[in-house]
Amino acid sequence: MPIIYHEASKEFHLYNQQISYIIEIMENGQLGNLYYGKKVHDRVSFSYLHQDEARPLGALAGNAPCELCLQYTRQEYPSYGTGDYRYGACVIEQENGSRITDFKYATHNIYEGKHKIEPLPATYVENKKEATSIEITLYDAVMDTEAVLTYTIYEELSVITRHVRFIHKGESVIRLQTAMSACVDLPDKEYDMLHLSGAWARERYVKTRKLEQGLQSIYSMRGASSAEHNPFIALKRRNTTEDTGEVMGFSLVYSGSFLGQVEVCSHDTTRVTMGIHPDTFSWKLNQNESFQTPEMVMVYSDHGMNAMSQTFHELYRTRLARGYWRDRERPILLNNWEATYMDFSEYEILRIASKAKEVGVELFVLDDGWFGDRSDDDRGLGDWYVNLKKLPNGIAGLSRNVEELGMKFGIWIEPEMVNKNSDLYRAHPDWILSVPERYETPSRQQHVLDYSRKEVVDAIFGMLDQMISESKITYIKWDMNRYITECYSRTASPEEQGKVMHQYILGVYDLYTRLTNKYPEILFESCSSGGARFDPGMLYFAPQTWCSDDTDASERLKIQYGTSMVYPISAIGAHVSAVPNHQLERCTPLATRAHVAFFGAFGYELDLNKLTQEELDQVRQQIDYYKCYRKLIQQGIFYRIKSPFAGNDTAWLVAAKDQSEAIAAYYQRMNLVNAGYLRLKLTGLCEERLYEVTAFQHTEKYYGSELMYAGIPIDRDKLTAQGGDFASVLFHLKAVK
Ligand code: DGJ
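Cut-off values and rules
Residues numbered from 1 in each chain as written. Predicted model: local features only at pLDDT ≥ 70, side-chain atom pairs only at ≥ 80, totals over all residues. Heavy atoms only, no water. Helix = DSSP H or I, 4+ residues; strand = E, 2+ residues; numbered from the N terminus. Rg over C-alpha atoms; globule rule 2.2 N^0.38 Å. Buried < 20%, exposed > 50% of the residue type's maximum accessible area, 1.4 Å probe, protein only. Contact = heavy atoms within 4.5 Å. Areas by Shrake-Rupley, 256 points an atom, 1.4 Å probe, with all protein chains shown as cover. Lys, Arg positive; Asp, Glu negative; His and termini not counted. Charge placed at Lys NZ, Arg CZ, Asp CG, Glu CD. Pairing = 2+ DSSP bridges. Axes fitted to C-alpha atoms, helices over the stretch in contact; angles between N-to-C directions. Parallel < 35°, antiparallel > 145°, perpendicular 65-115°, else oblique. Left-handed = near helix turned anticlockwise from the far one by under 90°. Nonpolar A, V, L, I, M, F, W, Y, C, P; charged D, E, K, R; others polar. Salt bridge = Lys/Arg side-chain N within 4 Å of Asp/Glu carboxyl O. Near = heavy atom within 4 Å. Polar contact = N/O pair within 3.5 Å; in protein donor to acceptor, adjacent residues only side chain to side chain. Phe/Tyr/Trp six-rings, centres within 6.5 Å; stacked < 30°, edge-to-face > 60°. Expected span 1.5 Å × (residues − 1).

J.: I tried to follow the overall build of the chain on my own but got confused; where do I start?
T.: Helices and strands together make up the secondary structure of the chain, namely 13 helices and 38 strands. Taking 2.2 N^0.38 as the reference for a compact globule, 737 residues should give roughly 27 Å; the C-alpha atoms of the chain span a radius of gyration of 27 Å, in line with that estimate. For the C-alpha atoms alone, the extent of the chain along its principal axes is close to 85 × 70 × 45 Å. Evaluated residue by residue, the chain yields a buried proportion of 62% over its 737 residues. Taking the contacts inside the chain whose residues are at least 6 apart along the sequence as the reference set, 69% of them involve residues at least 24 apart. Of the roughly 27200 Å² that the chain leaves accessible, carbon and sulfur atoms contribute 48%. Considering the chain, the positive charge centre built from 79 side chains and the negative charge centre built from 99 side chains are found 2 Å apart.

J.: Is there a simple way to think about the pairing of strand β12 (residues 202-210) in this case?
T.: Within a regular beta strand, the side chains point alternately toward one face of the sheet and then the other, so they alternate between its two faces. When strand β11 (residues 191-199) meets β12, the two strands line up antiparallel, connected through 7 bridges. Counted as the bridge partner of Leu-194 is Thr-208 from β12. Where β11 hands over to β12, the hairpin turn is made up of 2 residues, of which Ala-201 adopts a positive phi near 70°.

J.: Explain the packing of helix α6 (residues 454-470) against helix α7 (residues 500-518) here, please?
T.: Think of two packed helices as two axes; the pair is described by the angle between the axes and how far apart they sit. Between α6 and α7, whose axes approach to 10 Å, the crossing angle comes to 30°. When the axes of α6 and α7 are compared, the pair comes out roughly parallel. The chirality of how α6 crosses α7 is right-handed. Seen from α6, the contacting residues are Lys-454, Val-457, Asp-458, Ile-460, Phe-461, Leu-464, Asp-465 and Ile-468; seen from α7, they are Gly-507, Asp-510, Leu-511, Arg-514, Leu-515 and Lys-518. Of the residues in the contact of α6 with α7, the class split is 7 nonpolar, 1 polar and 6 charged.

J.: Where do I start with the pattern of salt bridges in this structure?
T.: Under the criterion given, the structure shown has 56 salt bridges. Between Arg-319 and Glu-130 there is a salt bridge, with the nearest N and O atoms lying 2.9 Å from each other. Of this pair, Arg-319 sits in helix α1 (residues 304-319) while Glu-130 sits in the loop between β6 (104-112) and β7 (131-140), and the two are 189 residues apart along the sequence. According to the relative accessible area criterion, Glu-130 is partly exposed, its value standing at 21%. The salt bridge involving Glu-146 is made with Lys-169; its shortest N-O contact spans 2.7 Å. Separated by 23 residues along the polypeptide, Glu-146 in strand β8 (residues 145-154) and Lys-169 in the loop between β9 (159-168) and β10 (174-186) bring together distant segments of the chain. Classification of Glu-146 as buried rests on a relative accessible area of 15%. Among the charged side chains, a network of salt bridges with common partners joins Glu-126, Glu-130, Arg-319, Arg-326 and Asp-327.

J.: I tried to follow the site of the ligand on my own but got confused; where do I start?
T.: Every one of the 13 residues lining the ligand counts as a neighbour, but Asp-367, Asp-368, Lys-477, Asp-479 and Asp-549 are closest to it. Here an oxygen atom of the ligand sits 2.9 Å away from a polar atom, N or O, in the side chain of Arg-444. Residue Asp-549 places a side-chain N or O atom 2.4 Å away from an oxygen atom belonging to the ligand. In isolation the ligand has 290 Å² of accessible area, and contact with the protein removes 98% of it.

J.: Explain unusual backbone geometry to me, please; I cannot follow it from the model alone.
T.: Glycine aside, residues mostly have negative phi angles, and peptide bonds mostly take the trans form. The step from Ala-64 to Pro-65 runs through a cis peptide bond, and the omega angle for that step is 10°. In this structure, Pro-65 sits in the loop between β4 (31-38) and β5 (90-93). Note that the residue after Glu-118, namely Pro-119, is joined by a cis bond; omega there is 15°. Checked against the element boundaries, Pro-119 lands in the loop between β6 and β7. One non-glycine residue with positive phi stands out, namely Gln-445, at about 60°. By the secondary structure assignment, Gln-445 is in the loop between α5 (423-427) and β25 (446-448). With relative accessibility at 44%, the residue Gln-445 sits in the partly exposed group.

J.: Is there a simple way to explain the packing of aromatic side chains in this structure?
T.: The way to describe two aromatic rings as a pair is by their centre distance and the angle between their planes. For the coordinates displayed, the defined rule picks out 39 aromatic pairs. For the ring pair Tyr-205 and Phe-645, a centre distance of 5.3 Å and an interplane angle of 65° mean the geometry is edge-to-face. Of this pair, Tyr-205 sits in strand β12 while Phe-645 is found in the loop between β31 (637-642) and β32 (649-655), placing the two residues 440 residues apart along the sequence. By relative accessible area, Tyr-205 is classed as buried at 13%. Relative accessible area serves as the criterion here: at 31%, Phe-645 is assigned to the partly exposed category. Judged by centre distance (5.8 Å) and plane angle (65°), the ring pair of Tyr-512 and Phe-524 falls under edge-to-face. Of the two residues, Tyr-512 sits in helix α7 while Phe-524 sits in strand β27 (residues 523-526), which places them 12 residues apart along the sequence. Each of the two residues, Tyr-512 as well as Phe-524, counts as buried. Each residue in the set Trp-478, Tyr-509, Tyr-512, Phe-524, Tyr-540 and Phe-541 is aromatic and connected to the rest through ring pairs, giving one cluster.

J.: Would you explain the sheet that holds strand β22 (residues 363-366) in this entry?
T.: The strands making up a sheet associate through hydrogen bonds between their backbones, and the pairing can be parallel or antiparallel. Spatially, β21-β22-β23-β26-β27-β28-β29-β30 is the arrangement adopted by the 8 strands of the closed barrel, whose pairing is parallel. Each adjacent strand pair in this sheet contributes to an overall mean axis angle of 30°, direction not counted. By the bridge criterion, 2 bridges tie strand β28 (residues 544-546) to strand β29 (residues 572-577) in an arrangement that is parallel. For Thr-545, the partnering residue across the bridge sits in β29 and is Ile-572. Its contacts with the sheet put helix α9 (residues 553-563) on β28 and β29, and the angle it makes with β29 is roughly 170°.

J.: Explain α6 to me, please; I cannot follow it from the model alone.
T.: Structurally, the α-helix is built with 3.6 residues per turn, so residues lying three or four positions apart point the same way. For α6, built from 17 residues, the straight-helix expectation of 24 Å at 1.5 Å per residue is met to within 8% by its first-to-last C-alpha distance of 24 Å. Taken together, the buried positions of α6 are Val-456, Val-457, Ile-460, Phe-461, Met-463, Leu-464, Asp-465, Met-467 and Ile-468. In this fold, the buried residues of α6 make contact with α4 (394-405), β23 (408-413), α5, β26 (475-478) and α7.

J.: How should I be thinking about the environment of Gln-292 in this particular structure?
T.: Mapped onto the elements of the fold, Gln-292 is located in strand β19 (residues 289-292). Leaving out residues up to four positions away in the same chain, Gln-292 has contacts with Ile-117, Leu-120, His-163, Val-164 and Arg-165. A polar contact is formed between the side chain of Gln-292 and the side chain of Arg-165, at a distance of 2.9 Å.

J.: I would appreciate a short explanation of the side chain of Asp-450 in the present structure.
T.: Its location among the elements puts Asp-450 in the loop between β25 and α6. No salt bridge is formed by the buried Asp-450. Its closest oppositely charged neighbour is Arg-453, at 4.3 Å. Within polar-contact distance, the side chain of Asp-450 engages the side chain of Ser-452 at 2.5 Å. Once residues within four sequence positions are removed from consideration, Asp-450 is found in contact with Trp-431, Ile-432, Leu-433, Val-456, Ser-489 and Arg-490.

J.: Can you walk me through the pairing of β4 in this structure?
T.: With 6 of 8 residues buried, β4 lies mostly within the body of the structure. Bridge count between strand β3 (residues 19-25) and β4: 7 bridges; the pairing is antiparallel. When the sheet's bridge partners are listed, Ile-25 is paired in β4 with Leu-31. Linking two consecutive strands that pair antiparallel, namely β3 and β4, is a turn of 5 residues; a positive phi of about 90° is found at Gly-29 within it.

J.: For this particular structure, what's the right way to read the sheet that holds β32?
T.: The 6 strands lie next to each other as β31-β32-β33-β38-β35-β36, forming an open sheet whose pairing is antiparallel. Each end of this open sheet is capped by a strand with a single partner; those strands are β31 and β36 (698-703). Taken over all neighbouring pairs, the strand axes of this sheet differ in orientation by 20° on average, direction set aside. The pairing of β32 with strand β33 (residues 661-668) spans 7 bridges and is classified as antiparallel. Paired with Thr-650 across the strands is Tyr-667, a residue of β33. Contacts from helix α10 (residues 590-597) reach β33 and β38 (728-736), with the element oriented near 55° to β38.

In short, the description is geometric, and any link to function would need to be established separately.
Right, dumping it as structure tokens:
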């Protein structure tokens, strides 16, 4: 069992071949943390790692002989107000107005495998031997409330997952004001905090800052995980690179408002907490009610950032994503959004689809504009039945016609939203989140349906179910194009309003669950104005996510590079679009557009009828290429080599697990005149193997060690011949005997 309880020292040691996590029951009965990091040999007691000192102004956590001072002590699930002045992991308001809590160890249970926490998404095991879990039950005697801390350690991955369940047994009502998923206290502050932040069309940019005394945080109070901050933090040592050094990643499996916070105290300890954002949350618990937090995933690497990301990729691709499509190669699709926007007819759609079929596209996706009275973004949302003026044969007829062309058919929906100009809103004006007598803030002229109400979710499910069951639909793009304002439910009592933000997301998960259960073979791609809800919670239901509305190849390098910190390549929806690019008016070579989109769930987003014959031939070759290598790309091991945030060029590589094959990509931004030499050092290969390397239509053989340590020179003239600015080259590597 990789979880040991040392009765004598009252310590828990969670370990596998790579990591150790050590918890102690402290003198006052609360839980302390002794260690998190690279695996250490087990011993009966690690108490020498406990550090607390009654500093000036410090308070003691018990009567003599207890000398424990919580002020700077590392803890597992701390609370503010009894001598620890840092932000705690939970705040619980009681009937007498007090917020003081004291959760002491009561009991624990160690078991093989991992239990589900549905309806919340979470990582899972397929076989009990893959992981070991421990539930440590803490008890507050005054409230008569339990907090059950669950930890799971995976056998083969340097992963620990955590979540907390509060079970209230007392007669008096309590209110959870803060209920973080986990707290991790570290003994020093010598870290840089890396996070993935940005905005619409520049999601998940890599940002790094040095930790300093005080708070540093990322968060969303938008009702979606957001484009502004992804629910992920990494703490890396100053000298950590992509391939060397220590880093810890923290990722929240949740799609709603969240807070990820790092606090450095006056004595240089570091506290990481992550969970539902407390400012948009207040959860009342009556007697015998319970509350389950989302899961936080912790990944440790002492081999740099790439190893951390590869662990997240493996876990999220194979033990978070689920279902029919999890391990299947994803279809190459063509989406009509940037080809037509909402202005299309059935004839036009079939013309675009036919051309797509001609070059080898496998799935045609009809985007926004097919339903209700939708001719503009101020109408139609909520009316999930076809607009017969545009599509006289309905979705059923169109999907059959597309299938007859020899392609699968997919469709766009935005089920959480309604326009005031819709039949749904006219029938149910009270179904939106809004406060009576107050202004209802529109965004993209639409409003958010109150998914905390079951009847609302039922109604939307009913409409979608009918449309899907009548048609031949194999793919659904589920969009969400605005954030939540006036988060208030017309049917919740005043004291339940603090639950609505979280219940909303539970409603979204409920609709996903119903649709994926009823239609298990439909491939779902989540989306939110591009990548504003690209999070692990969504990946549990939809194995791929539209990465960004910015389809410019050069900008996409940054977005996909940042996204790869946590999310597997199979999850990153990436398309070739037209030039000049619709977001930036920039022109990039067709080859580069494909070279960037190849590193994702690949597709096109343009009208191929508008291309020249030469371009169409190129597209056909791109599709053939991707079909040939997509398994390698989607399921291989991904390495970042050169960061687009650091200079003029970007490079990355994906290698087969057995290192027998790889594809590396090099991209430049501006073409440079009379510039220095270029050399690309690869990674992830076997030193001793000889590889046949094909690039620029030329094949040569090199050993893995040469490719990794000496590198391959790249001729700048050849990049100039590829178009100069924004040129790129792919290297295909195949090990030979
Ligand atoms: C935002 C998405 O990101 C786009 O791809 C497109 O589906 C539009 N919404 C449609 O309204």
